[in-house]
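Chain residues, written in single-letter form:
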Number of protein chains: 4
Amino acid sequence: MPDIPQKARSFQTQVLVRFADCDPAGIVFYPRYLEMFNGLVEDWFRTELHSSFTEIVTNRGWGLPTVHLEVDFVAPSRFDEMLSATLTVRSLGTSSMGLDIVLLGPDNLHRVRGKVVLVFIDRAAHQAIPWPNDLRARILAFQASG
Amino acid sequence: MPDIPQKARSFQTQVLVRFADCDPAGIVFYPRYLEMFNGLVEDWFRTELHSSFTEIVTNRGWGLPTVHLEVDFVAPSRFDEMLSATLTVRSLGTSSMGLDIVLLGPDNLHRVRGKVVLVFIDRAAHQAIPWPNDLRARILAFQASG
Amino acid sequence: MPDIPQKARSFQTQVLVRFADCDPAGIVFYPRYLEMFNGLVEDWFRTELHSSFTEIVTNRGWGLPTVHLEVDFVAPSRFDEMLSATLTVRSLGTSSMGLDIVLLGPDNLHRVRGKVVLVFIDRAAHQAIPWPNDLRARILAFQASG
Amino acid sequence: MPDIPQKARSFQTQVLVRFADCDPAGIVFYPRYLEMFNGLVEDWFRTELHSSFTEIVTNRGWGLPTVHLEVDFVAPSRFDEMLSATLTVRSLGTSSMGLDIVLLGPDNLHRVRGKVVLVFIDRAAHQAIPWPNDLRARILAFQASG
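All of these numbers come straight from a predicted model, not from anything done at the bench.

Asker: I'd like a description of the overall build of chain A, backed by residues and values.
Answerer: Tallying secondary structure elements over chain A gives 3 helices and 8 strands in all. Its helices and strands taken in sequence order, chain A reads β-α-α-β-β-β-β-β-β-β-α from the N to the C terminus. Once the C-alpha set of chain A is aligned to its principal axes, its extents read approximately 50 × 45 × 25 Å. Nonlocal contacts in chain A, meaning residues at least 24 apart in sequence, comprise 67% of its contacts between residues at least 6 apart.

Structure, rendered in structure tokens:
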């Protein structure tokens, strides 16, 4: 019996485009999309991975820097628009992970598609460290299996 | 006799890391690097291409959205550090261009390496339009030839 | 019979402190509180005054610049904290209004207290114009009477 | 012989309005003026007070939070405009100081006038501490005497 590819569990949320996010051309200033990406990862950690950034960065002395980024800005977004954000895990290494992030407009069309690579580090040493086992297990639930 | 690859003319400037750019981990919050990229492109247009963003966006009704981005965040930057930014033209199409951007730390090591694709548009129509001839000529001076 | 002071109707919402809002000292970078103020005014207009910023700024050519600001930063806020924001109307002029904004921490203590004055303008002329009657009526519902 | 009021020594610098600073109305989004204020204070500390924010915040464990703010946004600024910023010391307490900040447009007219109160703190204790003597002496040079 063939393997049935399992659909990845995804993390989804809504992001309202703020006046503060928009530039004189009336559309989202692209660095602000990356703030949205960061907010999405924060929300995912807090609500699904039971591990807030406060816990990670402030209390534990760990860090989670973004080391690589690839983004397609497919279509512009305007303020007051509610975007739908979806995050899935593309790959999980010893101390890194690759995420796919998609932002859709209210028209359900792609606005932004991104690939982000984050690395789990010890901040004092600024060195990659392995994911803690419980965190790794929770992240895996969001990865597609083939 | 073989072609001798010509070195691209590059645009260089300095960027001071501000308190405002840094996150609770004490390093540049990565979306702020993209603001630096945008500032670098602005400075290049104003000082070398004789074509300010005001002229382009406000007076002419054109736009210059970033449509694609690839960035490696190689090493963290801390506030009060002066970064050296270098911009070169990788490719120039009918209405797009690919830029290479590198930010070096005071230690001369790579902090951030990015590839950015910008498209020249008519904002009202939100449609790509060809580079004006004079602007194209000035951009070409910053492109390496093989 | 004495006038009985009526309690002002207030607009209340929650604001999550983001990693993006915090500085290397680990607390909210104060200009980001002002972004929260702006977001609060946006939310109030959209949900209670039936008049989105898109409608006002993009479609009608009006504007709502902040012309005066007084803020006390009473105590620091840290990231992942959920702040409670409250907005009331202190005064309503022909084309201006004064707002009181308070941000409370999860401990119910004051973090930030602000007074903001906004002016309703025609953007092309950059000149104050009277509030439209329907908007004025809806704003008045949020003002305390003596 | 009467006391002749001495003119305060002021700190002056230039601030370019960036695309990133502007909103869909095409003018500086007011929270970004406060980033400019913060940058101005940083520059003053680094260049005139011989005491960088890195030294203060990162190395010494001190802090310099803004606790009070009063700002008049007199006229809008547009991007690509070069603003002239001037900072003077209005008052100097045991562990606080009051600054006056003015931003002028290229037309030499007031764009923004602000009063800022900063407090010198020990960050771990989050408690006000007296200015170090050398720093106090250097700040005093920027205060008007009557």
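Asker: For the interface of chain D and chain C, give the residues involved together with the corresponding values.
Answerer: How big an interface is tends to be reported as the loss of accessible area on association of its parts. Each partner contributes to the interface: chain D provides 21 residues, whereas chain C provides 20 residues. For the chain D and chain C pair, buried surface summed over both sides reaches about 2100 Å², with 61% attributable to carbon and sulfur atoms. Counting the surface chain D buries against chain C, the share from its top three residues, Y30(D), L69(D) and F73(D), is 25%. Here chain D and chain C share 0 salt bridges between them. One can count 8 residue pairs in polar contact (both at pLDDT 80 or more) joining chain D with chain C. In terms of residue count, the dominant contributor to the side of chain D that touches chain C is strand β3 (residues 66-73) of chain D (8 residues). Of the residues that constitute the side of chain D that touches chain C, the class distribution is 13 nonpolar, 4 polar and 4 charged. Here strand β3 (residues 66-73) of chain C runs beside β3(D); their pairing, made up of 5 bridges, is antiparallel.

Asker: Mind laying out the packing of aromatic side chains, listing which residues take part and the relevant values?
Answerer: Residue and element names in this part refer to chain A. Going through the model one piece at a time under the given rule, you end up with 36 aromatic pairs over all chains. Ring geometry for F29 against Y30: centres 6.3 Å apart, planes inclined by 40°, an arrangement best described as tilted. As far as burial versus exposure is concerned, F29 and Y30 are alike and both buried.

Asker: Could you give me a rundown of the sheet that holds strand β8 (residues 127-128) of chain C, with the residues and numbers involved?
Answerer: Residue and element names in this part refer to chain C. Ordered in space as β2-β7-β8, the 3 strands form an open sheet in which the pairing is antiparallel. At either margin of the open sheet sits one strand with a lone partner, and together these are β2 (62-63) and β8. Sheet analysis places β2 next to strand β7 (residues 121-122), joined by 2 bridges and oriented antiparallel. Bridged to G63 within β7 is I121.

Asker: Got a sec to walk through the relation of the copies chain B and chain A? Specific residues and values, please.
Answerer: With an RMSD of 0.0 Å, the fit of chain B onto chain A corresponds to turning through 180° and sliding 0.0 Å along the axis. Here the transformation between the copies is reduced to the relation of a two-fold axis. Minimal C-alpha separation from the rotation axis in chain B is found for E70(B), amounting to 2.2 Å. When the interface residues of chain B are mapped onto chain A, 100% of them again fall at the interface, so both copies present the same face.

Asker: Go over the sheet that holds strand β8 (residues 127-128) of chain D with me, naming the residues and quoting the values.
Answerer: Residues and elements named next belong to chain D. What the 3 strands build is an open sheet, ordered β2-β7-β8; its pairing is antiparallel. The open sheet is flanked by β2 (62-63) and β8, the only strands paired with a single partner. Pairing analysis gives 2 bridges linking strand β7 (residues 121-122) to β8, with the strands arranged antiparallel. For I121, the partnering residue across the bridge sits in β8 and is A128.

Asker: Requested: an account of the pairing of strand β4 (residues 82-92) of chain D, with residues and values cited.
Answerer: All names here are of chain D. As judged from the 6 bridges shared by strand β1 (residues 11-16) and β4, these two strands associate in the antiparallel manner. Opposite L16, over in β4, you have M82 as the bridge partner. Sheet topology note: the β4/strand β5 (residues 96-104) ladder contains 8 bridges and is antiparallel. Each residue of the ladder has a partner; that of A85, found in β5, is L103. Counting the residues between successive antiparallel strands, the hairpin from β4 to β5 contains 3 residues.

Asker: Break down the interface of chain B and chain A for me, with residues and values.
Answerer: If you look at the interface, chain B gives 20 residues, while chain A gives 20 residues. In this assembly, chain B packs against chain A so that about 2100 Å² is buried in total across both faces, 61% of it on carbon and sulfur atoms. On the chain B side of the interface with chain A, the three residues burying the most area are Y30(B), L69(B) and F73(B), jointly 26% of the side's total. At the junction of chain B and chain A, the tally comes to 0 salt bridges. On inspection of chain B and its partner chain A, the count reaches 8 residue pairs in polar contact (both at pLDDT 80 or more).

Asker: Summarise the packing of helix α1 (residues 30-47) of chain A against helix α1 (residues 30-47) of chain B; cite the residues concerned and give the values.
Answerer: Axis separation between α1(A) and α1(B) bottoms out at 8 Å; the angle between their running directions is 175°. Relative to α1(B), α1(A) is oriented roughly antiparallel. Side by side, α1(A) and α1(B) meet where Y30(A), P31(A), L34(A), E35(A), F37(A) and N38(A) of the first sit next to Y30(B), P31(B), L34(B), E35(B), F37(B) and N38(B) of the second. Grouping the constituent residues of the contact of α1(A) with α1(B) by class yields 8 nonpolar, 2 polar and 2 charged.

Asker: Which residues make up the side chain of D80(B), and what values go with them?
Answerer: Note on placement: D80(B) falls in the loop between β3 (66-73) and β4 (82-92). Beyond its immediate sequence surroundings of up to four residues, D80(B) is in contact with L16(B), V17(B), E42(D), R46(D), S52(D), F53(D) and T54(D).

Asker: Can you tell me about the nonpolar core, naming the residues and giving the values?
Answerer: Core analysis: the biggest nonpolar cluster contains 176 residues, and W44(A), W44(B), W44(C) and W44(D) have the highest contact counts within it. Ignoring any residue separated from it by four or fewer positions in sequence, one finds W44(A) in contact with F11(A), L49(A), L87(A), V89(A), M97(A), L99(A), I139(A) and F142(A).

Asker: So what about the side chain of N38(A)? Which residues, and what values?
Answerer: Tracing the backbone through its elements, the reader meets N38(A) in helix α1. With sequence-adjacent residues up to four places away left out, N38(A) is seen in contact with F29(B), Y30(B) and F19(C).

Asker: So, the relation of the copies chain D and chain C: which residues are in play, and what are the values?
Answerer: Its rotation angle being 180°, the transformation that places chain D on chain C also includes 0.0 Å of axial translation and leaves an RMSD of 0.0 Å. Looking at the interface residues of chain D, 95% of them are also at the interface in chain C, so both copies use one shared face.

Asker: Quick one: what's the story with the environment of L34(D), residue by residue and with numbers?
Answerer: Looking at the element boundaries, L34(D) is found in helix α1 (residues 30-47). Under the relative-accessibility criterion, L34(D) is labelled buried at 0%.

Asker: Quick one: what's the story with the confidence of the model for chain A, residue by residue and with numbers?
Answerer: Taken over all residues, the pLDDT of chain A has a mean of 90, while the share at 70 or more is 93%. Both confidence scores are given for the complex: pTM 0.92, ipTM 0.90.

Asker: I'd like to hear about the environment of Q143(D), residue by residue, with values.
Answerer: Residues and elements named next belong to chain D. Summarising the element assignment, Q143 is placed in the segment after α3 (133-140). Judged by its relative accessible area of 23%, Q143 is partly exposed. Expressed as a C-alpha distance, the spacing of Q143 and N38, which sit 105 residues apart in the sequence, is 19 Å. A polar atom in the side chain of Q143 sits 3.4 Å from the backbone oxygen of R90.

The rules behind the values
In this numbering scheme, every chain counts its residues from 1 along its sequence in written order. Going through the entries in the order they are written, you letter the chains from A and number the ligands from 1. Two thresholds apply to this predicted model, a pLDDT of at least 70 for residue-level local features and 80 or more for giving and counting side-chain atom pairs, whereas whole-chain, interface and lining totals are computed over all residues. Calculated side-chain values reflect all of the structure's heavy atoms, with hydrogen atoms and water omitted. The secondary structure listing takes helices from DSSP runs of H or I that are at least 4 residues long and strands from runs of E that are at least 2 residues long, numbered from the N terminus. Contacts are residue-level and defined by heavy atoms, with any inter-residue pair within 4.5 Å sufficient. Once two parts are brought into contact, the accessible area they lose, counted with a 1.4 Å probe and summed over both, makes up the buried area. Salt bridge, as used here, is a side-chain nitrogen of Lys or Arg placed within 4 Å of a carboxyl oxygen of Asp or Glu. We define a polar contact as two N or O atoms separated by no more than 3.5 Å, with the added condition that, inside protein, one atom must be a possible hydrogen donor and the other a possible acceptor, whereas residues neighbouring each other in sequence contribute only through side-chain atom pairs. Each residue is assigned to one class: nonpolar for Ala, Val, Leu, Ile, Met, Phe, Trp, Tyr, Cys and Pro, charged for Asp, Glu, Lys and Arg, and polar for all the others, Gly among them. Only strands joined by at least two bridges in the DSSP assignment are considered to pair. In this scheme Phe, Tyr and Trp rings, the latter by its six-membered ring, pair at centre separations within 6.5 Å, and the angle between planes marks the pair as stacked below 30 degrees, edge-to-face above 60, and tilted otherwise. A 1.4 Å probe rolled over the protein chains alone gives each residue an accessible area, and that area as a share of the maximum for its type sets the label: buried under 20%, exposed over 50%, partly exposed in between. Least squares is used to superpose the copies, and the fit set is the C-alpha atoms of residues whose pLDDT is at least 70 in both copies. Throughout, an axis means a line fitted to C-alpha atoms (over the contacting stretch in the case of helices), and angles, computed between N-to-C directions, take values from 0 to 180 degrees. Angle categories are assigned with fixed cut-offs, so that under 35 degrees is roughly parallel, over 145 is roughly antiparallel, 65 to 115 is roughly perpendicular, and the rest are oblique. In this description, a nonpolar core means a group of buried Ala, Val, Leu, Ile, Met, Phe, Trp, Tyr and Cys residues linked to one another through side-chain atoms lying within 4.5 Å. pLDDT is defined as a per-residue confidence score from the predictor, taking values between 0 and 100.

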